[in-house]
Amino acid sequence: MTSNRFFCSGGVIRQSLRQHGWIGLLYLVGLVFTVPLPLFMSIGDERVPEVLSSLFDSIKSVNNFQNMILLVVPVLAGVMLLRFIQRQGSSNLYHSLPLRREHLLTAHLISGLILLLVPVWLTAGVTALVNTADLPYIFHINDIGSWALVVSVLTIFLFTFTVFVGICVGQSLLQSVVVYVLLLLPIFLSSMISRFLGRHLYGYFQVNGTIIQYSNDIELRSSNNIWENLSPVVRITDLLRNPFSYIELLIYMGVSLLFVVLSYVLYRKRLVEKATQAMAFTFFQPLFKAGVMLCAMLIVGEYFNGVGGQGKDWSIFGYILGAIFGYITVEMVIRKTWQIVRVRALLELVAYSAVLGLAMYMPTSSWVGYEERIPTAHSVKQVYVGPNLYLYGGGTRKNLYFSHDKAFIASVLNLQRELVLAHSAGQMSGSKNEPQQMISIAYRLDDGSIMTRSYTFPEQPFQAALAKVMVSEPYKTVAYSLDKLYGKAETISIKSGDDEERRVVLTDPSEIREFEAVLKEEILNMSYSEMQSGSYVLGNIDIVNKPSSILAEEPEWNRNFSFNWRTSFHKLNTWLERKGYADKVIITPKDIVSVRAVPMVSQEKKPYQPGKYIQATNLFKILQQKYKVAAIEDPKLWNTVLEKRNFYNYTPEVERGTYLIQIKIKSVSGSGFRIGYYVLHPKDMTPELAKALPAAP
């Protein structure tokens, strides 16, 4: 009696448990099937015991199923328990009972928590019992407690959030849709807005990570995206790689408590007649309409950006069409009819479109001054320049990528200034076939902030300014990860670019130190033309650093780095020859069976379509049916071909006088051969080689 008057109704709780008990059973079965059962089934496996980082790692094949159970059942419970206020009949019945609304809501909240939390704790108990058996997995009782704590907190959060949404809307189906849309909204909006700004704001750097502020250090980007972390769906699916911290759990509990308080406040004001209506409160409708229209504008605009070849007119058409489509959709949902044509709707559409259009235009307008903003030389403390802004390693190591060099800072500022002036003058549009260069800049300013820019531009007009930046040591340190060459590699594998079977592996520490020092010197001495040339590389150098070279929070693959062994690395070639390794890797005329050449003609590539690649083998077959194929017999010319060859790179236009070369190379075992295809450009032709080749058509 006391509970009925001052707290909640025990009868309502018992009724809810009887009516919705299947939800608790479903949750229990799902959790048992994904946590203790796989462990129990592994008893008797004769293998080396594996230490589990957490119970979310129990059996990797069922992790996705466990995430799905966790994301679906608490939301389902929230929807089913709030059905009594979403249907007109049950709503009238419950609200005619001699119970206050607080009692009704409290009873259903308690019912939901019982249905959801008891299965979690039972699953934890069963897992503890299974752990007493002889398992091939090692974990402790604390791991079980951590799992139960994380699942309980997430379950409470998803359930209370679903209840809060159910109070605000009047339809169960819409409640489910809105819950998942809102859970995914942070990552969706951040991604779409970043793409929008990247397309319409010159120099905008599309952030794929987050900037994390440390006490005395700043990371440009981490593997964790703050917007991804704000999306509970993404966060839950990433539990295995990125476990929840206690602070995050406290935040989730605090937010859950806030949802409960708001649910009580709004439920007191909710009208019984709002059952079956899309929105229970009219003051949410403007936000709902604007949100749906914004998402529709971004999605349709992005679609027309892609289909229309990134033409500005098509993108504007897409945004307008998206706004109309979004407004029609949201009006039909709110009014529960497709007959929405009326003058007021037209006025609302115009007003909402104008506001949203202005909100999207403002960040990209010249009023903001984003594109023209260039810091002054004295305000820049350090600068980072590289092909992208993804930095490997921890915060301490990232400091190595920033340069204090004033001359380098001046070169970078000069390059950015030229790019901005050319863009303002409308001189950035070049042919799609022109070589494009991508460069990312991050200035660390004297006020501690970081200013980032990213540019893609035709190389030729900015070659002089670009060369000053690219040949500098700070740029090469970033572009080639030179900080990884510190003589502490575990192994260095040098593999032929022509035949993967031809390789040597260095394991001697003294040889490793010598090799890395020579390689670093060669990279630092590279000229701009060497860096930009697409000449053939003699081989690939794969370096695996020791496990101690990476930080605990870094992924294991951060130990591996690859470098190209270029033909211009004469000092490195000499070192390998002196050690006797060069002959084991490099292809020489004595390893060649035959060399044949056929002219490459642009007309044969007319069927070219973006994304459709013609294999060199197939192109050689097509060409040899129409044009004369020359067999080069002189071994001296074979050596010239090996020195001058380039990668086969499919492009629709080919300069006249270009040849496709087929080289048969003996296998390492001496039996059989493999075939490689290369390209000789007119600039690579020597007089002797020109005489041996058929005339270009």
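As shown above, the structure is provided for reference.
Everything in this summary refers to the structure shown in the same document. (Residues numbered from 1 in each chain as written. Predicted model: local features only at pLDDT ≥ 70, side-chain atom pairs only at ≥ 80, totals over all residues. Heavy atoms only, no water.)

### Notes on the overall build of the protein
Thought 1: Along its length, the protein carries 26 helices and 15 strands.
Thought 2: Buried positions account for 49% of the 697 residues belonging to the protein.
Thought 3: Sequence separation of at least 24 residues holds for 75% of the intrachain contacts in the protein that already meet a minimum separation of 6.
Thought 4: When the accessible surface of the protein is summed, it comes to about 35000 Å², and 61% of that surface belongs to carbon and sulfur atoms. (Helix = DSSP H or I, 4+ residues; strand = E, 2+ residues; numbered from the N terminus. Buried < 20%, exposed > 50% of the residue type's maximum accessible area, 1.4 Å probe, protein only. Contact = heavy atoms within 4.5 Å. Areas by Shrake-Rupley, 256 points an atom, 1.4 Å probe, with all protein chains shown as cover.)

### A look at the environment of Ile374
Thought 1: In this structure, Ile374 sits in the loop between α15 (343–361) and β5 (380–386).
Thought 2: Counting along the chain gives 40 residues from Ile374 to Asn414, while the straight-line C-alpha distance between them is 9.7 Å.
Thought 3: If sequence neighbours within four positions are ignored, Ile374 has contacts with Leu413, Gln416, Arg417, Val420 and Met451.

### Here we look at unusual backbone geometry
Thought 1: Residues other than glycine seldom take positive phi values, yet Ser481 does so here, at roughly 50°.
Thought 2: Along the chain, Ser481 falls in the loop between α19 (473–479) and β8 (489–496).

### Observations concerning the packing of helix α2 (residues 10–34) against helix α4 (residues 63–81)
Thought 1: Close contact between α2 and α4 brings their axes to 9 Å; oriented N to C, the two are set at 175°. Comparing the axis directions of α2 and α4 gives the class roughly antiparallel. For the pair α2 and α4, contact is made by Ser16, His20, Trp22, Ile23, Leu26, Tyr27, Gly30, Leu31 and Thr34 and by Phe65, Gln66, Ile69, Leu70, Val73, Pro74, Leu76, Ala77, Met80 and Leu81, respectively.
Thought 2: Here the contact of α2 with α4 is built from residues that sort into 14 nonpolar, 5 polar and no charged. (Axes fitted to C-alpha atoms, helices over the stretch in contact; angles between N-to-C directions. Parallel < 35°, antiparallel > 145°, perpendicular 65-115°, else oblique. Nonpolar A, V, L, I, M, F, W, Y, C, P; charged D, E, K, R; others polar.)

### What to know about the sheet that holds strand β6 (residues 436–445)
Thought 1: Strand order in the open sheet formed by 3 strands is β5-β6-β7, and the pairing between neighbours is antiparallel. Across the chains shown, the open sheet's two edge strands, defined by having one partner strand only, are β5 and β7 (450–458). On average, adjacent strands in this sheet sit at an angle of 20° to one another, irrespective of strand direction.
Thought 2: Where β5 and β6 come together, 6 bridges link them in antiparallel fashion. By the bridge assignment for β6, Gly386 is matched with Ser440.
Thought 3: Relative to β5, helix α17 (residues 406–424) is tilted by about 65°, and along the sheet it contacts β5, β6 and β7.
Thought 4: Each of β5, β6 and β7 touches helix α18 (residues 463–470); the most contacted strand, β6, lies at about 60° to it. (Pairing = 2+ DSSP bridges.)

### Topic: the environment of Gly21
Thought 1: Residue placement: Gly21 occurs in helix α2.
Thought 2: Placed 95 residues apart in sequence, Gly21 and Leu116 show a C-alpha to C-alpha distance of 9.8 Å.
Thought 3: The residues contacting Gly21, other than those within four sequence positions of it, are Ser16 and Leu115.

### Quick notes on the sheet that holds strand β14 (residues 659–666)
Thought 1: Here 4 strands make up an open sheet; going across it, the order is β13-β12-β14-β15 and the pairing antiparallel. Whereas interior strands pair on both sides, the edge strands pair on one side only; in this sheet they are β13 (630–632) and β15 (673–680). When the angles between neighbouring strand axes are averaged without regard to direction, this sheet yields 25°.
Thought 2: Note that β14 and β15 share 8 bridges and pair antiparallel. In the sheet register, Gln662 faces β15, and the bridge partner there is Tyr677.
Thought 3: The sheet strands contacting helix α24 (residues 616–624) are β12 (592–599), β14 and β15, and the helix crosses β12 at an angle near 65°.
Thought 4: Against the sheet, helix α25 (residues 635–644) contacts β12, β13, β14 and β15, and its axis sits at roughly 65° relative to β12.

### Comments concerning a nonpolar patch on the surface
Thought 1: A cluster of nonpolar side chains, contributed by Ile316, Ile320, Ile324, Ile328, Met332 and Trp338, occupies part of the molecular surface with about 580 Å² of accessible area.
Thought 2: The residue Ile320 is located in helix α14 (residues 312–335) in this model. (Patch = residues over 30% accessible without salt bridge, like charges linked within 9 Å, V, L, I, M, F, W, Y side chains within 5 Å. Salt bridge = Lys/Arg side-chain N within 4 Å of Asp/Glu carboxyl O.)

### Focus on the packing of aromatic side chains
Thought 1: Under the defined criterion, the tally for this structure stands at 22 aromatic pairs.
Thought 2: Between Tyr204 and Tyr370, the aromatic rings sit 6.2 Å apart at their centres with planes inclined by 45°, giving tilted as the arrangement. Highlighted residues: Tyr204 in the loop between α9 (172–200) and β3 (212–213) and Tyr370 in the loop between α15 and β5, separated in sequence by 166 residues.
Thought 3: Judged by its relative accessible area of 15%, Tyr370 is buried.
Thought 4: Between Phe457 and Phe462 the ring centres are 5.6 Å apart and the planes differ by 85°, which places this aromatic pair in the edge-to-face class. In this pair, the class of Phe457 matches that of Phe462, namely buried.
Thought 5: Through a chain of ring-to-ring contacts, the aromatic side chains of Phe157, Phe161, Phe164, Phe244, Tyr252 and Phe259 assemble into a single cluster. (Phe/Tyr/Trp six-rings, centres within 6.5 Å; stacked < 30°, edge-to-face > 60°.)

Everything listed is a geometric property; what it means functionally is a separate question.
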